[in-house]
Amino acid sequence: MINYIEEKLRELIAIDSPSGYTKAVSDYAMGELEKIGFAPWVTQQGSVLASLGGEGHPLILSAHIDTLGAMVAEVKKNGRLRITPIGGLNANNVETENCRVVTFDGAVYSGCAQLRDPSIHVNGKYSETARTFDEIEVVLDEAVCTGEETAALGVFPGCFVCFEPRLVVTPSGFIKSRFLDDKLSAAILLGYAKHIKEAGLTPRRKVYVCLTVYEEVGHGATAGLPEDAVEILGVDMGCVGEGLKCTERQVSICAKDTRGPSNYEILCELISLAKAGGIDYAVDVYPHYASDCDTAVAAGYDLKHCLIGAGVYASHGYERSHLEGVRNTLELIKAYTL
């Protein structure tokens, strides 16, 4: 199943899907769940849901398939683009990154995000310049030198800017890419669904899978959730960093994020299941984090909630996880539901 999850991750990562530009990835998720043998549906927002079977005490397993990205805010007089971030994209993390600009008529132009006047041989203030979205611009790979020439390509404010993910899986099992948050978890849930179908299993309770499309801008799970659900288990990136215990090889169990604590009963049960199953895990408090679990509860859904995920290093940048973290996350989901 790990090979299948890696395959689905590669396919998901290859689909540009910053929040607001997600129809292609929603269509992909619908198609994959149908191929496995389920009957998914899509919400007005574009989130994809499917019932995986079981009876009673309905649980939502939630991940998100939207990513960080940007949008054209201004076509400059020199033909270059000032961009505005979508979600928590950081200007430091996109400098020198290749990207694609999608026009309203569907044309796609390649480009690169660069500091204004980026040559060290020319710009004596290169090192001291703050990296902000006022200083970073997209340079199109087209022969354009004026705003009129860029506009003639169909590039205007409001066009989406999608950054190159650069996915690599190393022989040692490390996974490096942009947007592992949260396409890695979405691939894990597809693997979980495939495991249920192929093994002919029925969950101990009713289980929904939910793949949301506006998580990165804060309202992914605010609408369209199954009304009979009583619990949501978010499957998102586990935090790795100074002051935290989790590594990329583990499944992280979130005791508390920025908005508050997870449900204590679910937290204790997940820890107990991980211990009993020999699953490599860590419990951490996330200092700067919110998830679909938080937005669902804030939107008024009466749900117990908790959050898990494979450890991810360098979040919102060029991220890194590991296939063992994938395995441990999948095994904890299975232990909790099957």
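Please refer to the structure placed before this passage.
Residues numbered from 1 in each chain as written. Predicted model: local features only at pLDDT ≥ 70, side-chain atom pairs only at ≥ 80, totals over all residues. Heavy atoms only, no water.

Student: Please give an account of the side chain of Thr22 that cites residues and values.
Tutor: Relative to the elements of secondary structure, Thr22 occurs in the loop between helix H1 (2-13) and helix H2 (23-36). Not counting residues within four places of it along the chain, the set of residues in contact with Thr22 comprises Ser17, Asp66 and Val213. (Helix = DSSP H or I, 4+ residues; strand = E, 2+ residues; numbered from the N terminus. Contact = heavy atoms within 4.5 Å.)

Student: Explain the environment of Val213 to me, and be specific about the residues and the numbers.
Tutor: In this structure, Val213 sits in the loop between strand S12 (207-212) and strand S13 (231-235). On the accessibility criterion, Val213 (0% relative accessible area) is buried. Separated by 202 residues in sequence, Val213 and Glu11 place their C-alpha atoms 17 Å apart. In contact with Val213, other than residues within four places in its own chain, are Ser19, Gly20, Thr22, Ser26, Gln45, Gly46, Ser47, Ile65 and Asp66. (Buried < 20%, exposed > 50% of the residue type's maximum accessible area, 1.4 Å probe, protein only.)

Student: How would you sum up the nonpolar core? Please name residues and give values.
Tutor: In terms of nonpolar packing, the biggest core is built from 80 residues, with Leu52, Val101, Val161, Phe163, Leu211, Leu270 and Ile308 touching the most fellow members. The greatest single-element share of this core, amounting to 10 residues, is contributed by helix H4 (residues 180-199). Among the nonpolar cores identified, the runner-up in size contains 12 residues, and Ala221, Leu225, Ile232 and Tyr301 belong to it. (Core = buried A, V, L, I, M, F, W, Y, C linked by side-chain atoms within 4.5 Å.)

Student: Account for the packing of H1 against H2, with residues named and values stated.
Tutor: One way to put it is that H1 packs onto H2 with a least axis distance of 11 Å and a crossing angle of 155 degrees. By the criterion of interaxial angle, the relationship of H1 to H2 is roughly antiparallel. The handedness of the crossing between H1 and H2 is right-handed. Listed contacts from H2 to Tyr4, Lys8, Glu11 and Leu12 of H1 are Val25, Tyr28, Glu32 and Ile36. (Axes fitted to C-alpha atoms, helices over the stretch in contact; angles between N-to-C directions. Parallel < 35°, antiparallel > 145°, perpendicular 65-115°, else oblique. Left-handed = near helix turned anticlockwise from the far one by under 90°.)

Student: Give me the sheet that holds strand S8 (residues 136-140): which residues, what numbers.
Tutor: Across a sheet, strands are paired by hydrogen bonds formed along the backbone, either parallel or antiparallel in direction. Strand order in this closed barrel of six strands is S4-S5-S8-S7-S6-S9, and the pairing throughout is antiparallel. Across the sheet, the axes of successive neighbouring strands diverge by a mean angle of 40 degrees, strand direction being ignored. Here strand S5 (residues 81-86) runs beside S8; their pairing, made up of two bridges, is antiparallel. Opposite Arg82, over in S8, you have Glu137 as the bridge partner. (Pairing = 2+ DSSP bridges.)

Student: For unusual backbone geometry, give the residues involved together with the corresponding values.
Tutor: Glycine aside, the phi torsion of most residues is negative, and most peptide linkages are trans. Backbone torsion omega between Asp181 and Asp182 reads 10 degrees, so that peptide bond is classified as cis. Tracing the sequence through the fold places Asp182 in helix H4. One non-glycine residue, Asp117, lies in the positive phi region at around 55 degrees. Taking the relative accessible area as the measure of exposure, Asp117 reaches 39% and is therefore partly exposed. Positive phi, normally seen in glycine, also occurs at Phe179, with a value near 70 degrees. Note that Phe179 resides in the loop between strand S11 (174-177) and H4.

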